[in-house]
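Close look at the chain arrangement
Next come the chains, spelled out residue by residue.
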Amino acid sequence: MSSTSRVPSPVLKKSLTMALIQLASGSDKPKNLSHAAEKVREAAGTGAKLVVLPECFNSPYGTNYFPEYAETLLPSADGEASAPSYDALSAMARDNKVYLVGGSIPEYNPGTKKYHNTSLVFSPEGGLLATHRKVHLFDIDIPGKITFRESDVLTAGNQLTLVDLPEYGKIAVAICYDVRFPELATIAARKGAFALIYPGAFNLTTGPLHWQLLAQARAVDNQIYVAMCSPARDMSASYHAYGHSLVVDPMAKVVSEAAEGEEIITSELSSDKLEETRRNIPLNTQRRWDVYPDVSKGKVQFDDPDLPKPKE
Ligand SMILES: NC(=O)CC(=O)C(=O)O
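Residues numbered from 1 in each chain as written. Predicted model: local features only at pLDDT ≥ 70, side-chain atom pairs only at ≥ 80, totals over all residues. Heavy atoms only, no water.

A short note on the side chain of S123
With respect to the helices, strands and loops of the structure, S123 is situated in the loop between β5 (114–122) and β6 (128–133). Beyond its immediate stretch of four places on either side in the chain, S123 contacts A93, R94, V98, Y99 and L129. (Helix = DSSP H or I, 4+ residues; strand = E, 2+ residues; numbered from the N terminus. Contact = heavy atoms within 4.5 Å.)

Digging into the site of the ligand
Close to the ligand lie Y61, K134, F138, C176, Y177, R180, A201, F202, N203, T206 and Y239. Here the ligand is seated within the largest cavity. Of the residues in the shell around the ligand, the class split is seven nonpolar, two polar and two charged. (Near = heavy atom within 4 Å. 1 Å grid on protein atoms, 1.4 Å probe; cavity = no way out; pocket = protein on both sides within 12 Å on 5 of 7 lines; lining within 4 Å. Sits in = over half its atoms within 2 Å of the grid points. Nonpolar A, V, L, I, M, F, W, Y, C, P; charged D, E, K, R; others polar.)

Regarding the pairing of strand β7 (residues 139–142)
With four bridges joining them, β7 and strand β8 (residues 146–149) adopt antiparallel strand pairing. Each bridged residue has a counterpart across the sheet, and for D139 the counterpart in β8 is R149. (Pairing = 2+ DSSP bridges.)

Observations concerning the state of the cysteines
Scanning the entire structure with this criterion turns up zero disulfides. The structure places no disulfide on C229, whose sulfur is separated from the nearest cysteine sulfur, that of C176, by 11 Å. (Disulfide = S-S within 2.5 Å.)

Focus on helix α5 (residues 206–222)
Residues spaced three or four apart along an α-helix point in a common direction, a consequence of the helix completing one turn every 3.6 residues. Look at α5: 23 Å from first C-alpha to last across 17 residues, which is about the 24 Å you get at 1.5 Å a residue. Of all the residues in α5, the buried ones are T206, G207, W211, L214, A215, R218, A219 and N222. On its buried face, α5 is in contact with β7, α4 (182–190), β11 (195–199), β12 (225–229), β13 (246–248) and α6 (271–280). Following α5 by one or two positions, Q223 adopts a phi angle in the positive range, close to 55°. (Expected span 1.5 Å × (residues − 1). Buried < 20%, exposed > 50% of the residue type's maximum accessible area, 1.4 Å probe, protein only.)

Digging into the nonpolar core
Counting residues in hydrophobic clusters, the biggest one holds 52 residues, and the most contacted among them are M18, I171, F194, I197, Y198 and L269. With near-sequence residues (within four places) excluded, I197 lies in contact with M18, L50, V52, V101, I171, A172, V173, A174 and A227. Counting 25 residues, the second largest nonpolar core, distinct from the first, contains I21, A83, L120 and F122. (Core = buried A, V, L, I, M, F, W, Y, C linked by side-chain atoms within 4.5 Å.)

Observations concerning the packing of helix α1 (residues 29–45) against helix α3 (residues 84–96)
The geometry of α1 relative to α3 is characterised by a closest axis approach of 10 Å and an angle of 15° between their N-to-C directions. Looking at the two axes, α1 sits roughly parallel to α3. Between α1 and α3 lies a crossing whose hand is right-handed. Contacts from K29, L33, A36, A37, V40, R41 and A44 in α1 reach P84, S85, A88, M92 and N96 in α3. Split into classes, the residues belonging to the contact of α1 with α3 amount to eight nonpolar, two polar and two charged. (Axes fitted to C-alpha atoms, helices over the stretch in contact; angles between N-to-C directions. Parallel < 35°, antiparallel > 145°, perpendicular 65-115°, else oblique. Left-handed = near helix turned anticlockwise from the far one by under 90°.)

Some points on the environment of Y177
Within the secondary structure, Y177 sits in the loop between β10 (169–173) and α4. With relative accessibility at 14%, the residue Y177 sits in the buried group. Remark: the alpha-carbon pair of Y177 and F202, spanning 25 residues in sequence, is separated by 8.3 Å.

Quick look at the layout of surface pockets
In this structure, the largest pocket spans a volume of roughly 260 Å³. For the largest pocket, the lining is made up of 21 residues, of which S25, S59, P60, Y61 and A237 are closest to its centre. A per-class count over the lining of the largest pocket returns 13 nonpolar, five polar and three charged. (Points joined across faces, edges and corners; volume = space filled by probe spheres on them.)

Looking at the pattern of salt bridges
Here the idea is simple: oppositely charged side chains can pair when their charged atoms come close. Counting across every chain of the model gives 15 salt bridges. Note that R149 is salt-bridged to D139, the shortest N-O span being 4.0 Å. Of this pair, R149 sits in strand β8 while D139 is found in strand β7, placing the two residues ten residues apart along the sequence. The class for D139 is partly exposed, based on a relative accessible area of 27%. Measuring nitrogen to oxygen at the nearest pair gives 3.2 Å for the salt bridge that ties E276 to K273. Of the two residues, E276 and K273 both sit in helix α6, three residues apart, roughly one turn of that helix. Since its relative accessible area comes to 31%, E276 is described here as partly exposed. When its relative accessible area of 25% is taken as the criterion, K273 is described as partly exposed. Overlapping salt bridges bring together K39, E42 and E262 as one network. (Salt bridge = Lys/Arg side-chain N within 4 Å of Asp/Glu carboxyl O.)

As for empty space enclosed by the protein
This model, assessed by the stated rule, comprises one cavity of 30 Å³ or more. Approximately 30 Å³ is the volume attributed to the largest cavity. Lining the largest cavity are F138, C176, R180, A201, F202, N203, T206 and Y239.

As for unusual backbone geometry
Even without glycine at this site, C176 takes up a positive phi of about 40°. You can see C176 is positioned in the loop between β10 and α4. Unlike most non-glycine residues, A252 shows phi in positive territory, near 75°. Mapped onto the secondary structure, A252 falls in the loop between β13 and β14 (254–257). Using a relative accessible area of 13% as the deciding quantity, one classes A252 as buried.

The following block contains the structure:
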């Protein structure tokens, strides 16, 4: 028996070239920012209109680094916000006339005295379109392999993030470990997102097993594009990022993939592929809401009032 209620299809109004920058970053923040600016210019030069940077692109990745590199996106009670990465990302978007998913940066909120792992999304005019704080913190313990506890320092965000790119449609932005939670992806897809964008930094234990698998799983379940953008691997750093930034299409085919080093990969996202996938495998008219509930119909938070807003 088919359900009669249809889930809206994701809308991609016209083809979109997306570039993922698998950036090599180090411990020098100003250098990381100017290097990112160079690479965004290079990515825009390929014709990309949506450019993505990796998780923690302006700092090394590790709980000990978050406080040292954190920026205040919200002004403190007695003064201004100090956010060189916000200003640099805004300029990269504006100077190159691209939508920019600015990877993520460690954020300090002076009001709550809490740290977050935060992604900022900018318009081609350089305006802030959205802020996503990592909702699921990376706390794992695989004995003898990797122990990581973001929650020792960070506080999780409280909202799902959909961003409207007016000429193209909606994307969802989340960060790394968020990809392991299918509900977030499914809700975003059912709210009309045509792509899920995850700045991320898997490692050499979980990366080979799960990175591509999770991207393909989120794509095949939701019949939308999935992009995962990693830092380049640096074996002299304390955290060894997996690399292999990739884009998966709505049929779950890997359409573009980086190796381990610094690299820019580009992909063409097409509405034809979205429509063809949904026509050929019509999951959206076959769901059984009489047997199980629609996760997107419960209470979903999209508007955490505590999030940084665009600077005046
Ligand atoms: N770094 C992360 O947030 C996630 C990760 O490495 C994993 O899930 O594995």
